[in-house]
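Inside the fold
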Amino acid sequence: MEAKMEKIDVLILYAHSSRELDVACAIKYICKKKYGLSIEIAQQYGSYPKFLYKYLPRIVVLPYCYDVLSHLGWIRRW
């Protein structure tokens, strides 16, 4: 039996913590406080494929994605 996926508003996938994690955390805080959005943050490469089976996001944010074609395979799973 498959686990039920958590429905969230936004999933932010960061590539490098030193470059993107602090901004992702600030965005999550502001969006939760001002708009009540549910936002989760996951490491784009280290957390893959766990987040594919854990979350069902309305929006996926890839702040550092210069090769869209390499990501299409797993993004289509949603």
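So, a few notes on the structure that sits alongside this text. Because the structure is predicted, anything quoted here is derived from the model rather than measured.

This part covers the pairing of strand E2 (residues 39-43). Sheet topology note: the strand E1 (residues 6-14)/E2 ladder contains 5 bridges and is parallel. Bridge pairing in E2 links Val-10 to Ile-39. At this point the chain moves from E1, through helix H1 (residues 17-35), to the parallel E2, and the crossover so formed is right-handed.

Locating Glu-6 in the fold gives a position in strand E1. In this structure Glu-6 comes out as partly exposed when scored by relative accessible area, which is 36%. As for Glu-6 and Tyr-53, which are separated by 47 residues in sequence, their C-alpha atoms are 8.9 Å apart. Beyond its immediate chain neighbours, meaning those up to four positions away, Glu-6 contacts Glu-40, Lys-54, Tyr-55 and Leu-56.

Here the focus is the pairing of E1. Taken across its 9 residues, E1 has 7 buried, putting it largely inside the fold. Here 6 bridges tie E1 to strand E3 (residues 55-61), and the two strands are oriented parallel to one another. In the strand pairing of E3, Ile-12 is matched with Val-61.

Our focus in this paragraph is the sheet that holds E1. Pairing between sheet strands relies on hydrogen bonds along the backbone, with the strands arranged either parallel or antiparallel. Spatial ordering of the open sheet is given by E2-E1-E3, a layout of 3 strands whose pairing is parallel. Edge positions in the sheet fall to E2 and E3, since each has one partner strand and no second. The average undirected angle you get between the axes of adjacent strands in this sheet is 40 degrees. Lying on the sheet, H1 is in contact with E1 and E2; it crosses E2 at an angle near 170 degrees.

Another aspect to go through is the nonpolar core. With 7 residues, the main nonpolar core is built from Ile-8, Leu-11, Leu-13, Ala-42, Phe-51, Leu-52 and Tyr-55. Per-element accounting of this core gives the leading share, 3 residues, to E1. Formed by 5 residues, the second largest nonpolar core is a distinct cluster that contains Val-10, Ile-12, Ala-24 and Ile-39.

The subject of this paragraph is the side chain of Glu-20. Of note, Glu-20 is situated in helix H1. A residue is classified by how much of its surface remains accessible, and Glu-20, at 6% relative accessible area, is buried. Once residues lying within four places of it in the same chain are set aside, the contact partners of Glu-20 are Tyr-14, Ala-15, Pro-63 and Tyr-64.

Basis of the calculations
- Residues numbered from 1 in each chain as written.
- Predicted model: local features only at pLDDT ≥ 70, side-chain atom pairs only at ≥ 80, totals over all residues.
- Heavy atoms only, no water.
- Pairing = 2+ DSSP bridges.
- Helix = DSSP H or I, 4+ residues; strand = E, 2+ residues; numbered from the N terminus.
- Right-handed = clockwise from strand over helix to strand, strands pointing away.
- Buried < 20%, exposed > 50% of the residue type's maximum accessible area, 1.4 Å probe, protein only.
- Contact = heavy atoms within 4.5 Å.
- Axes fitted to C-alpha atoms, helices over the stretch in contact; angles between N-to-C directions.
- Core = buried A, V, L, I, M, F, W, Y, C linked by side-chain atoms within 4.5 Å.

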